[in-house]
Each structure stands twice: as C-alpha cells, then as structure tokens.
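Fold and contact review
Residue strings, one per chain:
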Amino acid sequence: MADQFFMTQKGYDEAVERLKYLQTTKRQEIIERIAEARSHGDLSENAEYDAARNEQSANEGEIVELDYKIKNAKIIEENDDTSFVHIGSRVTVFDPDLEESETYEITGTTESNAMENKISNESPVGAALLKHKVGDEVLIAAPDGAYTLRITNIA
C-alpha cells in the first residue's frame, strides 16, 4: 500500500499549483538556461551549464516527489472542534523548562513550515500533541532527550 499524505484542501490546492509551476514555467526556464550555457562552447569547463543541469535535476526530483504526494493525498475535512488537538488545530503550549509559550499549527507533512510554526502531524511534537486536550501535559520524545509541554489553548 502506498503512503498516505494528510493534507487540508488548501494544502492540496497549493501542492497542485506548485507542481504545475515546476512542470511548466520552471522547467522551461531551466531548459532555456541550459541552451544558453551550451551556446558558450566547451561544456567540460562551463560552470553555468553545470549549475543549470544541477537545478534541472533538483527540479525533476521535486516534481516526482510532489506528484507522488498529490497522488497519495488524503484530504482532511475542516474541523472546528477545539476540544482536542487534530490536524488543522492551532495549539498553544507552555514549556515549563524554558518558561515560555509557543503556538503551533498542526499540518500534514507537505504543509509544514518551521518558519511559520506549522508543524507536521508526523513530527515528534505534532504526533505527541494529537488527540490531547487543554490542560494535558504531553511528553515529547525528541532526539536529544524527552521533555514535557502543557497544552494551554486549542483553536
């Protein structure tokens, strides 16, 4: 059985749009850069050609990965239930060791973005928080040691 990738409808739509961009616009831009670099002659010492070919390889790899995730996506219905943590929840947690609070949005793997505090349901924190309620203390099993977070709000 293929992997399933949990996505919100918004995340799915964004992934489809990104795939379309990579397959059309970006692929064409790279092809044009390769053609330009080839026109400069000797390819064995052509850094511009090598860079364009490396970018082409990375782009094609991202296309394959994104296409696989889209084909195996499981769309998660919007859920306004704030009685427990689920994918789509915005969860505020308090870390007693650091004496600070942080708010995370629990997303599927394709939508996670650490810079925006969007964490995957498969990450150590995301997986541990799922199905817990406000007031619960949750043990997070991290690579550098376990720690506890207390859920203070679910939105």
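You'll find the chain entered in an unreviewed UniProt entry as Transcription elongation factor GreA, with Candidatus Scatosoma pullistercoris given as the organism. The heading Sequence similarities (unreviewed entry) in the UniProt record of the chain holds the text "Belongs to the GreA/GreB family."

1. A few points about the packing of helix 1 (residues 9–38) against helix 2 (residues 47–71)
For the pair helix 1 and helix 2, interaxial distance at closest approach is 9 Å and the crossing angle is 160°. The angle between helix 1 and helix 2 falls in the class roughly antiparallel. Remark: the crossing between helix 1 and helix 2 carries left-handed chirality.

2. Quick look at the nonpolar core
Ranked by internal contacts, the top residues of the largest apolar core, which has 16 residues, are Val85, Val91, Val93, Ile106, Val125, Leu129 and Ile151. Going through the elements one at a time, strand 3 (90–95), strand 4 (100–107), helix 3 (124–129), strand 6 (137–142) and strand 7 (145–154) are the ones with two or more residues in this core. When near neighbours in sequence (up to four residues on either side) are disregarded, Val91 contacts Val85, Glu102, Thr103, Tyr104, Ile106, Leu129, Ile151 and Asn153. Listed in part, the 6 residues of the second largest apolar core include Ala15, Leu19, Leu22 and Leu66.

3. Some details on the UniProt feature "domain: Transcription elongation factor GreA/GreB C-terminal" (unreviewed entry) in the chain
The sites that UniProt annotates as "domain: Transcription elongation factor GreA/GreB C-terminal" (unreviewed entry) are residues 83–154. Secondary structure across residues 83–154 comprises 8% helix and 46% strand; the distance between its end C-alpha atoms is 7 Å.

4. Points about the UniProt feature "domain: Transcription elongation factor GreA/GreB N-terminal" (unreviewed entry) in the chain
Under the present numbering, the feature "domain: Transcription elongation factor GreA/GreB N-terminal" (unreviewed entry) in UniProt falls on residues 6–75. For residues 6–75, the end-to-end C-alpha separation is 6 Å, with 79% helix and 9% strand making up the annotated structure.

5. Brief notes about the packing of aromatic side chains
Within this structure, the stated rule accounts for 1 aromatic pair. Geometrically, the ring pair formed by Phe5 and Tyr68 is edge-to-face, given 5.8 Å between the ring centres and 80° between the ring planes. Taken together, the residues Phe5 in strand 1 (residues 5–8) and Tyr68 in helix 2 connect sequence positions 63 residues apart. Here Phe5 falls in the buried class, since its relative accessible area comes to 12%. Relative accessible area serves as the criterion here: at 37%, Tyr68 is assigned to the partly exposed category.

6. Observations regarding the side chain of Lys69
Considering the arrangement of structural elements, one finds Lys69 in helix 2. A residue is classified by how much of its surface remains accessible, and Lys69, at 15% relative accessible area, is buried. Filtering out sequence-adjacent residues up to four positions away, Lys69 remains in contact with Phe5, Met7 and Thr110.

Reading the values: rules and limits
Residues numbered from 1 in each chain as written. Predicted model: local features only at pLDDT ≥ 70, side-chain atom pairs only at ≥ 80, totals over all residues. Heavy atoms only, no water. UniProt positions renumbered as here; feature names shortened; annotations may be inferred. Axes fitted to C-alpha atoms, helices over the stretch in contact; angles between N-to-C directions. Helix = DSSP H or I, 4+ residues; strand = E, 2+ residues; numbered from the N terminus. Parallel < 35°, antiparallel > 145°, perpendicular 65-115°, else oblique. Left-handed = near helix turned anticlockwise from the far one by under 90°. Core = buried A, V, L, I, M, F, W, Y, C linked by side-chain atoms within 4.5 Å. Buried < 20%, exposed > 50% of the residue type's maximum accessible area, 1.4 Å probe, protein only. Contact = heavy atoms within 4.5 Å. Phe/Tyr/Trp six-rings, centres within 6.5 Å; stacked < 30°, edge-to-face > 60°.

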